[in-house]
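What the coordinates show
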Amino acid sequence: MSSICNNHTENRSSDAIRKGKPRWLRKSMPKGGECQRVTRLLSEAGLHTVCQEAACPNMFECFSKHTATFMILGANCTRNCRFCNVTSNSPTPVDPDEPQRVADTVLKLELTYVVVTSVTRDDLPDGGASHFARVIRAIKKAGPGIRVEVLIPDFQGDVNALETVGKAEPDVINHNIETVKDLYARVRPQARYQRSLDLIRNVKERFPGLPAKSGIMVGLGETLEEIRTTFQDLYDHGCNILTVGQYLQPTRDHLPVEKFYNPEEFEQLDRMARDIGFEQVAAGPFVRSSYKAGELFDSLFGN
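Quick caveat: nothing in here was measured; it's all calculated off a predicted structure.

Structural notes on the overall build of the protein chain
Of regular secondary structure, the protein chain possesses twelve helices and ten strands. Out of the 303 residues in the protein chain, the part that is buried amounts to 54%. Here the contacts in the protein chain between residues at least 6 apart in sequence split such that 75% fall between residues at least 24 apart.

Below you can see the structure in the form of structure tokens.
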């Protein structure tokens, strides 16, 4: 593990990082009919995807394989995380027809594994949990064999909201820790590290058979020991599946990248997580919380 920077002074300067990405972060964009087809279907259905809203580097690859991560409850977030490209603005009214439109699009895309996430809706009494439940049920009704993973916000610690989502019977509940504890005030000023850990713990306590998943970005100035502590905290709170990816600065208005981790360093982080005890880990420069989510699920259950 010694090749990973252990303190902030070893990180490259932000000015140097802005000049260009390293070669392992240069990704070709797949071309072809499937990518265009997915874009068209989403537009026709009036649906949002986190792929588009968050400027995900895997968007074209996923679209070309007719997959997408649906983002419900509008495109405006009530929080303003310093790493995220989703718009922070006044939220729009909840669309009661959205669950059925998501389900219909899932069928048109012939998906067997679906990831559903949302903007954070602190303006809603239940944080949008009941809408998540309606989307899950609509998808399951449309295709009884379809698996649904939800990537949920923290619901401000409301356990009843979490219960609402869990009782709709998703196949995985995912909630991203995003970064290490000491960076929360800078990276996620409206979130709380322990609140996110408690959500993972509550998933395992209330729905013991349901896999709990979380993800973290690296490259924001964290130390190796902070990463290790975060992995251990997640594991101790019941997390089964872990994703680790490189933070990429969406715009100049967002936090700068402090370090680009190379593929060998991601392999070391993968080993660290597995040594702690995680059952499934995906770690790499382009890994995001929903990237190849179905494959991680299948690997967890030996499918």
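Overview of the environment of I216
Along the polypeptide, I216 turns up in strand β8 (residues 212-218). According to the relative accessible area criterion, I216 is buried, its value standing at 4%. Distance from I216 to R288, taken between C-alpha atoms, is 8.6 Å for residues 72 residues apart in sequence.

What to know about the pairing of strand β5 (residues 113-118)
In terms of burial, β5 is largely enclosed, as six of its six residues are buried. On β5, burial covers both faces: Y113, V115 and T117 on one face and V114, V116 and S118 on the other are all buried. Here β5 runs beside strand β6 (residues 147-151); their pairing, made up of five bridges, is parallel. Note on β6: the bridge partner recorded for T117 is L151. On the question of chirality, the crossover connecting β5 to the parallel β6 by way of helix α6 (residues 129-142) is right-handed.

Considering the packing of aromatic side chains
Counted according to the given criterion, the structure contains five aromatic pairs. Pairing Y261 with F266 gives two aromatic rings, centres 6.0 Å apart and planes at 55°, and the pair type is tilted. Here Y261 and F266 have matching classes, each one buried. Its end group placed over the ring of Y261, K259 keeps NZ or CZ at 4.7 Å from the ring centre.

Quick notes on the confidence of the model for the protein chain
Looking at the protein chain, pLDDT values average 85 and 83% of them are 70 or higher. Overall, residues 1-19 carries pLDDT values under 50, and its contacts beyond four positions in sequence, including any with other chains, amount to 40 contacts.

Some points on the packing of helix α7 (residues 159-167) against helix α9 (residues 193-206)
α9 packs onto α7 with a crossing angle of 50° between their chain directions and a minimal axis gap of 11 Å. Here α7 is positioned oblique relative to α9, judged by the angle of their axes. With respect to the hand of their crossing, α7 and α9 are arranged in right-handed fashion. Contacts between α7 and α9 involve V159, L162 and E163 from the first element and L199, N202, V203 and R206 from the second. Taken together, the residues that form the contact of α7 with α9 break down as four nonpolar, one polar and two charged.

Quick look at the side chain of T243
By secondary structure assignment, the location of T243 is in strand β9 (residues 241-246). With relative accessibility at 3%, the residue T243 sits in the buried group. Ignoring anything within four residues of it in the chain, the contact list for T243 reads K213, S214, G215, I216, A282, V287, R288, S289 and L296.

Re α7
Of the residues making up α7, those classed as buried are A161, L162, E163, V165 and G166. Buried-residue contacts for α7 involve α6, β6, β7 (172-174) and α9. Its side-chain oxygen 2.9 Å from the backbone nitrogen of N160, D158 forms the N-cap of α7. Downstream of α7 by one or two residues, E169 has phi in the positive range, about 65°.

Considerations on the pairing of strand β2 (residues 69-72)
Side chains T69 and M71 of β2 all project onto a buried face; the interleaved residues F70 and I72 project onto the opposite face, where all are buried too. Here β2 pairs with β5 via four bridges, running parallel. Bridging across to β5, T69 finds its partner in V115.

Topic: the nonpolar core
When a protein is soluble and globular, its nonpolar side chains tend to lie buried together. I139 and F231 are the most contacted members of the largest nonpolar core, which has 80 residues in total. Excluding residues within four positions of it along the chain, F231 makes contact with I216, L242, V244, L269, M272, A273, I276 and F278.

Focus: the pattern of salt bridges
A complete count under the given rule lists 15 salt bridges for this structure. The shortest N-O distance in the salt bridge between D123 and R121 comes to 2.9 Å. Judged by relative accessible area, which is 40%, D123 ranks as partly exposed. Here R121 falls in the buried class, since its relative accessible area comes to 2%. Each of E163, D198, R201, E205 and R206 takes part in a single network of salt bridges with overlapping partners.

Let's talk about the packing of helix α10 (residues 224-236) against helix α11 (residues 263-276)
Between α10 and α11, the least distance of the axes is 10 Å, while the angle of their chain directions is 40°. In terms of axis orientation, α10 runs oblique to α11. Remark: the crossing between α10 and α11 carries right-handed chirality. Residues L224, I227, R228, F231, Q232 and Y235 of α10 form the contact with α11, whose participating residues are L269, M272, A273 and I276. Broken down by class, the residue content of the contact of α10 with α11 amounts to eight nonpolar, one polar and one charged.

Thresholds, definitions, all that
Residues numbered from 1 in each chain as written. Predicted model: local features only at pLDDT ≥ 70, side-chain atom pairs only at ≥ 80, totals over all residues. Heavy atoms only, no water. Helix = DSSP H or I, 4+ residues; strand = E, 2+ residues; numbered from the N terminus. Buried < 20%, exposed > 50% of the residue type's maximum accessible area, 1.4 Å probe, protein only. Contact = heavy atoms within 4.5 Å. Pairing = 2+ DSSP bridges. Right-handed = clockwise from strand over helix to strand, strands pointing away. Phe/Tyr/Trp six-rings, centres within 6.5 Å; stacked < 30°, edge-to-face > 60°. Lys NZ or Arg CZ within 6 Å of the ring centre and 35° of its normal. pLDDT = per-residue confidence, 0-100. Axes fitted to C-alpha atoms, helices over the stretch in contact; angles between N-to-C directions. Parallel < 35°, antiparallel > 145°, perpendicular 65-115°, else oblique. Left-handed = near helix turned anticlockwise from the far one by under 90°. Nonpolar A, V, L, I, M, F, W, Y, C, P; charged D, E, K, R; others polar. Polar contact = N/O pair within 3.5 Å; in protein donor to acceptor, adjacent residues only side chain to side chain. Core = buried A, V, L, I, M, F, W, Y, C linked by side-chain atoms within 4.5 Å. Salt bridge = Lys/Arg side-chain N within 4 Å of Asp/Glu carboxyl O.

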